[in-house]
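Below are the chains, spelled out letter by letter.
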Amino acid sequence: MDKKITRRELGKLGAGALMAGGAILLGRPVRADSHGKITDYPDQAPVATAVQYKEKSELEGKTCENCMLFTAGEGGRGKCTLFMKGTVAAAGHCTSWAAKP
Ligand code: SF4
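Note that the structure is predicted; figures quoted are calculated from it, not measured. (Residues numbered from 1 in each chain as written. Predicted model: local features only at pLDDT ≥ 70, side-chain atom pairs only at ≥ 80, totals over all residues. Heavy atoms only, no water.)

1. Concerning the pattern of salt bridges
And step 1. Considering all chains together, one arrives at 2 salt bridges under this definition.
And step 2. Among the ionic pairs, Asp43 bridges to Lys85, the shortest N-O distance being 2.6 Å. Taken together, the residues span a long stretch of sequence, with Asp43 in the loop between α2 (30-33) and α3 (45-50) and Lys85 in the loop between β2 (77-80) and β3 (88-89) at a distance of 42 residues.
And step 3. Of the residues examined, Lys85 reaches a relative accessible area of 26% and is grouped as partly exposed. (Salt bridge = Lys/Arg side-chain N within 4 Å of Asp/Glu carboxyl O. Helix = DSSP H or I, 4+ residues; strand = E, 2+ residues; numbered from the N terminus. Buried < 20%, exposed > 50% of the residue type's maximum accessible area, 1.4 Å probe, protein only.)

2. Structural notes on empty space enclosed by the protein
And step 1. Tallied over the full model, the rule gives 1 cavity of 30 Å³ or more.
And step 2. As for the largest cavity, its lining consists of 13 residues, and the residues nearest its centre are Cys64, Cys67, Cys80, Cys94 and Trp97.
And step 3. Considering only residue class, the lining of the largest cavity consists of 11 nonpolar, 2 polar and no charged. (1 Å grid on protein atoms, 1.4 Å probe; cavity = no way out; pocket = protein on both sides within 12 Å on 5 of 7 lines; lining within 4 Å. Points joined across faces, edges and corners; volume = space filled by probe spheres on them. Nonpolar A, V, L, I, M, F, W, Y, C, P; charged D, E, K, R; others polar.)

3. Some remarks on the sheet that holds strand β1 (residues 70-72)
And step 1. The sheet built from 3 strands is open, its strands ordered β1-β2-β3 with antiparallel pairing. If you trace the sheet from one side to the other, it starts and ends with β1 and β3, each paired once. (Pairing = 2+ DSSP bridges.)

4. Digging into the packing of aromatic side chains
Aromatic ring pairs are reported here in terms of the distance separating the ring centres and the angle at which the planes meet.
And step 1. Taken as a whole and assessed by the stated rule, the structure comprises 1 aromatic pair.
And step 2. Judged by centre distance (6.1 Å) and plane angle (70°), the rings of Tyr53 and Phe83 are edge-to-face. Of this pair, Tyr53 sits in the loop between α3 and β1 while Phe83 is found in the loop between β2 and β3, placing the two residues 30 residues apart along the sequence. By the burial criterion, Tyr53 is buried, and Phe83 matches it. (Phe/Tyr/Trp six-rings, centres within 6.5 Å; stacked < 30°, edge-to-face > 60°.)

5. Things to note about the nonpolar core
And step 1. Counting residues in each nonpolar core, the largest one holds 13 residues, and the members touching the most others are Ile38, Tyr53, Phe70, Phe83 and Val88.
And step 2. In contact with Phe70, not counting residues within four places along its chain, are Cys64, Glu65, Arg77, Gly78, Lys79, Val88, Ala90 and Lys100. (Core = buried A, V, L, I, M, F, W, Y, C linked by side-chain atoms within 4.5 Å. Contact = heavy atoms within 4.5 Å.)

6. Digging into the site of the ligand
And step 1. Neighbouring the ligand are the residues Tyr53, Cys64, Cys67, Leu69, Phe70, Cys80, Leu82, Cys94 and Trp97.
And step 2. When atom positions are compared with the pocket grids, the ligand is found to occupy the largest cavity. (Near = heavy atom within 4 Å. Sits in = over half its atoms within 2 Å of the grid points.)

7. Points about the side chain of Ser57
And step 1. As for its position among the elements, Ser57 is in the loop between α3 and β1.
And step 2. Taking relative accessible area as the criterion, Ser57 reaches 13% and is therefore assigned buried.
And step 3. Only 3.1 Å separates the side chain of Ser57 from the backbone nitrogen of Leu59, close enough to count as a polar contact.
And step 4. Not counting residues up to four positions away in its chain, the partners in contact with Ser57 are Lys62, Thr63, Ala91, Gly92 and His93. (Polar contact = N/O pair within 3.5 Å; in protein donor to acceptor, adjacent residues only side chain to side chain.)

8. Section: unusual backbone geometry
And step 1. Positive phi is not limited to glycine here, since Gln52 has a value of about 55°.
And step 2. With respect to the secondary-structure elements, Gln52 resides in the loop between α3 and β1.

Following this line, the structure appears as structure tokens:
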């Protein structure tokens, strides 16, 4: 009745567990966080306030789109490295703006 698990079987179990763990991590709703505006995420408000983020820049030639912290996304929006969640407007601006090299 007692069945010993061979090293090969143990290896297969380990590989299966790793794949399942990876699928769980990849399946987390991280993408959902990157599609909303940062203003949709109350926990991002302190950062937005601190850097005086605006959805529309009032300074000619200084927008998120040409800021070195911006990575373009879809629909005129993108990710800013200052914010853990949400997206900023390509036409936006904040006091941390820095020209792309
Ligand atoms: S750091 Fe740059 S990309 Fe981020 S909000 Fe400010 S201006 Fe926009």
